[in-house]
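Chain and residue survey
Here is what each chain is made of, one letter per residue.
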Amino acid sequence: MYSVKEIYKTIQGEGAQSGRTAVFVRFTGCNLWSGKEKHRANAICNFCDTDFVGTDGENGGKYSAEELLEVIKTIWDSKVDGYIVFTGGEPMLQLDKDLIEICRASNFETAIETNGTIEIDFAIDWICVSPKSGSVLKVFKGNELKVVFPQEELKLDQLQNLIFDHYFLQPMDSEKSEQNTLDTINYCKSNPKWKLSLQQHKLLGIP
Ligand code: SF4
């Protein structure tokens, strides 16, 4: 059974697939933070803006692969081939070949947003890796590398040598957002391999 925090249809707001309608499946749990505020200060990843604890979100629950696909189909609600983004939390704690295969067999394109600490040994149509300072990266190639900026220990000049189609820098959403945005813009201007990614869903209030 897969533990899922929430499943919803929205517009992808970040990175190279921005603007695309997708069903987001947010798995419960992450290997870099418990999701509890009392553990944030000592977590490997401590700037998370996502609630991935429990199964109590919209359409959340515990599902078999077949049950999850049925929920996704109902939410997609279109004759046009679908697009699913598996996210979290850390989706690779739960996502597996079986789930991807039954989704693809129902003409869904599949994508993952992962912190890249767990190897991916099956095919996913779109792999977006967002490395986190202090963690050990194990996914070295994919479609999109999306780095939340700044993160002290991440060496961008090394990351840009990995094998990705797109390299995005995204300003960290914090009390220093304005400064982070300026710093991100300046870094991209000086290092044009990196492109600016904004969280358009937040800016526009897309539910
Ligand atoms: S790795 Fe991602 S989901 Fe996990 S705590 Fe960090 S930002 Fe949140």
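With that out of the way, let us pick up the pairing of strand S7 (residues 141-149). Most of S7 is tucked away, with seven of its nine residues classed as buried. Note that strand S6 (residues 126-129) and S7 share two bridges and pair parallel. Within S7, the position partnered with Cys128 by the bridge is Glu144. As paired elements, S7 and strand S8 (residues 163-171) share eight bridges and run parallel to each other. The residue bridging Lys141 from the neighbouring strand is Ile163, located in S8.

Another aspect to go through is the site of the ligand. Within the structure, the ligand sits among Cys30, Leu32, Trp33, Cys45, Cys48, Thr50, Phe52, Gly88, Gly89, Glu90, Asn115 and Lys132. Residues of the shell around the ligand, tallied by class, amount to six nonpolar, four polar and two charged.

Grouped together as the largest cluster of nonpolar side chains are 39 residues, with contacts concentrated most on Val25, Ile84, Phe86 and Ala111. Among residues more than four places away in sequence, those in contact with Ala111 are Gln17, Tyr83, Ile84, Val85, Phe86, Ile124, Asp125, Trp126 and Cys128.

Here Lys36 lies in the loop between strand S2 (21-27) and helix H1 (37-40). Distance in space between the C-alpha atoms of Lys36 and Ser130 is 21 Å, their sequence separation being 94 residues.

Here we take up helix H3 (residues 97-105). What H3 keeps buried is the set Leu99, Ile100 and Cys103. Taken down its axis, H3 places every buried residue within 95 degrees of arc, on the same side. Every exposed residue of H3 that faces more than 90 degrees away from the buried side is listed here: Lys97, Asp98 and Ala105. In the stretch just after H3, Asn107 is the one whose phi turns positive, near 65 degrees.

A separate point is the sheet that holds strand S3 (residues 61-63). Overall, mixed pairing links the nine strands, which are arranged S3-S1-S2-S4-S5-S6-S7-S8-S9 in an open sheet. A single partner strand is all that each edge strand has here, and the edge strands are S3 and strand S9 (195-196). Here helix H2 (residues 65-76) sits on the sheet and contacts strand S1 (2-11), S2, S3 and strand S4 (82-87); the angle it forms with S1, its principal contact strand, is near 15 degrees. Contacts between H3 and the sheet are confined to S4 and strand S5 (108-114), with S5 contributing the most and set at about 145 degrees to the helix.

What follows deals with the pairing of S1. By the bridge criterion, three bridges tie S1 to S3 in an arrangement that is antiparallel. Bridging across to S3, Tyr2 finds its partner in Tyr63. With seven bridges connecting them, S1 and S2 associate as antiparallel partners. Its bridge partner being in S2, Val4 is matched across the sheet by Phe27.

This paragraph deals with the packing of H2 against H3. It is the contact of H2 with H3, at a shortest axis distance of 10 Å, that shows an interaxial angle of 40 degrees. By the angle between their directions, the pair H2 and H3 is classed as oblique. Considering only the axes of H2 and H3, their crossing is right-handed. Counted together, Ala65, Glu66, Leu68 and Leu69 of H2 and Asp98, Leu99, Ile102 and Cys103 of H3 form the full contact between these two elements. For the contact of H2 with H3, a count of residues per class yields six nonpolar, no polar and two charged.

Along the chain, Gly88 connects to Gly89 via a cis peptide bond; the corresponding omega equals 15 degrees. Here Gly89 is to be found in the loop between S4 and H3. With an omega dihedral of 0 degrees, the bond running from Phe149 to Pro150 counts as a cis peptide bond. Within the fold, Pro150 resides in the loop between S7 and helix H4 (156-159). Even without a glycine there, the phi angle at Asn59 is positive, about 60 degrees. By secondary structure assignment, the location of Asn59 is in the loop between H1 and S3. Even without glycine at this site, Asn107 takes up a positive phi of about 65 degrees. Its location among the elements puts Asn107 in the loop between H3 and S5.

What counts and what doesn't
- Residues numbered from 1 in each chain as written.
- Predicted model: local features only at pLDDT ≥ 70, side-chain atom pairs only at ≥ 80, totals over all residues.
- Buried ≥ 20, exposed ≤ 12 C-beta atoms within 10 Å, placed from the backbone.
- Helix = DSSP H or I, 4+ residues; strand = E, 2+ residues; numbered from the N terminus.
- Pairing = 2+ DSSP bridges.
- Near = placed C-beta within 6 Å.
- Nonpolar A, V, L, I, M, F, W, Y, C, P; charged D, E, K, R; others polar.
- Core = buried A, V, L, I, M, F, W, Y, C linked by C-beta atoms within 7 Å.
- Contact = placed C-beta atoms within 7 Å.
- Arc of directions from axis to C-beta.
- Axes fitted to C-alpha atoms, helices over the stretch in contact; angles between N-to-C directions.
- Parallel < 35°, antiparallel > 145°, perpendicular 65-115°, else oblique.
- Left-handed = near helix turned anticlockwise from the far one by under 90°.

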